[in-house]
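Coordinates in review
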Amino acid sequence: VPELIEVEYYRRALASLVGSTVTGVSIPDERYVRPAETPVQVFDQVIGAQLSSVGRRGKLLLARFTDDYVIGLRFGMTGRLLIDGEGPIEALEYASTRNDPAWDRAILILDGRRVSVRDQRRLGSIELDPETENLAPEASTIREPDLRNALVGRRKAIKTALLDQHLIAGLGNLLVDEILWQVGIAPSRASSELTDGEIGALAAETRSTVRRLSNRGGSHRGDSFEARTSGAVCPRCKGVMDRSVVGGRSSWWCTSHQT
Ligand SMILES: [Zn+2]
């Protein structure tokens, strides 16, 4: 969290300011800038430009300005986009509900409106003209052939593969656990062992889970979310829910219907 659903909410919020002119840029913490060692002053070029559109690829937010400037924002584990201190999502799962302006890592002033990235853990970043040519396919629209391509020959666990932003863009821990629970695939299954039928079902479930949870208000609104606790039973089949660590990430799954 934030996953592509949350970043899409940020995209819509920022898009409400299209047409506004950048009158100030402030990056209090130069370590937030990517690539590393980039001087914060490079962002001063954008002052005077107008926000022309706001896009998204996976979890990368792309603010496009006149004169062909593009600012890329990544939100890490706890980043939020705020406009005049208000966010489109009240409180992200796992993010502190404290709201400390000292965590504002990047601030753009757009015709007097204050757009900030508030990020307690500082795992997000800001980048001028980020590379977007070689990004992985977008999870919200992924089709079976692209998913099969992404997984072909991968021996790593399917959970790990789906979280790999170089293979498929936009999914995080909560969405992947929900998708695998919905489709009945265990998170530790080797990607290369999935049948074409399973990959087709996985692609379809990825699209529908993203759409459903977007409408419900966030990545934490999955049908399996309430069962992410020890001693819980599977809401679908009453099987035992188990927590495993797959690829270094905590994974909740049903030991009965996910195989
Ligand atoms: Zn189950």
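Quick look at the structure, then. This one's a predicted model, so the numbers in the text were calculated from it and none came from an experiment. (Residues numbered from 1 in each chain as written. Predicted model: local features only at pLDDT ≥ 70, side-chain atom pairs only at ≥ 80, totals over all residues. Heavy atoms only, no water.)

This part is about the packing of helix α4 (residues 173-183) against helix α5 (residues 196-216). Their axes nearest at 9 Å, the elements α4 and α5 cross at an angle of 125°. With respect to each other, α4 and α5 are oriented oblique. Where α4 crosses over α5, the handedness of that crossing is right-handed. Packed against α4, whose contacting residues are Leu175, Glu178, Ile179, Leu180, Gln182 and Val183, the element α5 presents Ala201, Leu202, Glu205, Thr206, Thr209, Val210, Arg212 and Leu213 at the interface. In terms of residue class, the contact of α4 with α5 is built from 8 nonpolar, 3 polar and 3 charged. (Axes fitted to C-alpha atoms, helices over the stretch in contact; angles between N-to-C directions. Helix = DSSP H or I, 4+ residues; strand = E, 2+ residues; numbered from the N terminus. Parallel < 35°, antiparallel > 145°, perpendicular 65-115°, else oblique. Left-handed = near helix turned anticlockwise from the far one by under 90°. Contact = heavy atoms within 4.5 Å. Nonpolar A, V, L, I, M, F, W, Y, C, P; charged D, E, K, R; others polar.)

This part takes up the sheet that holds strand β3 (residues 51-57). Reading across from one edge, β2-β9-β5-β4-β3 is the order of the 5 strands in this open sheet, with mixed pairing throughout. The open sheet has two free edges, formed respectively by β2 (33-34) and β3, since each of these has just one partner strand. Bridge count for strand β4 (residues 60-65) against strand β5 (residues 70-74) is 4 bridges, and the pairing is antiparallel. Note that in β5 the partner of alanine 63 across the bridge is isoleucine 71. On top of the sheet, helix α1 (residues 4-15) reaches β3 and β4; it is set at about 175° to β3, its chief contact. (Pairing = 2+ DSSP bridges.)

Our focus in this paragraph is the coordination of the zinc ion. Binding of the zinc ion to the protein goes through Cys234 (SG), Cys237 (SG), Cys254 (SG) and His257 (ND1), at separations of 2.0 to 2.3 Å. The site at the zinc ion holds 4 donor atoms, and with the angles between them running 100 to 122°, its shape is tetrahedral. Look at where the donors of the zinc ion fall in the sequence and you get C-x2-C-x16-C-x2-H. With cysteine 237 in the loop between α5 and β10 (241-246) and histidine 257 in the segment after β11 (249-254), this pair connects stretches of sequence that are 20 residues apart. The partly exposed category is assigned to cysteine 237, whose relative accessible area is 31%. (Donors = N, O, S within 2.8 Å, 3.2 Å for Na, K, Ca; no water. Tetrahedral: all angles 85-135°; square planar, octahedral: opposite > 155°, others 65-115°. Buried < 20%, exposed > 50% of the residue type's maximum accessible area, 1.4 Å probe, protein only.)

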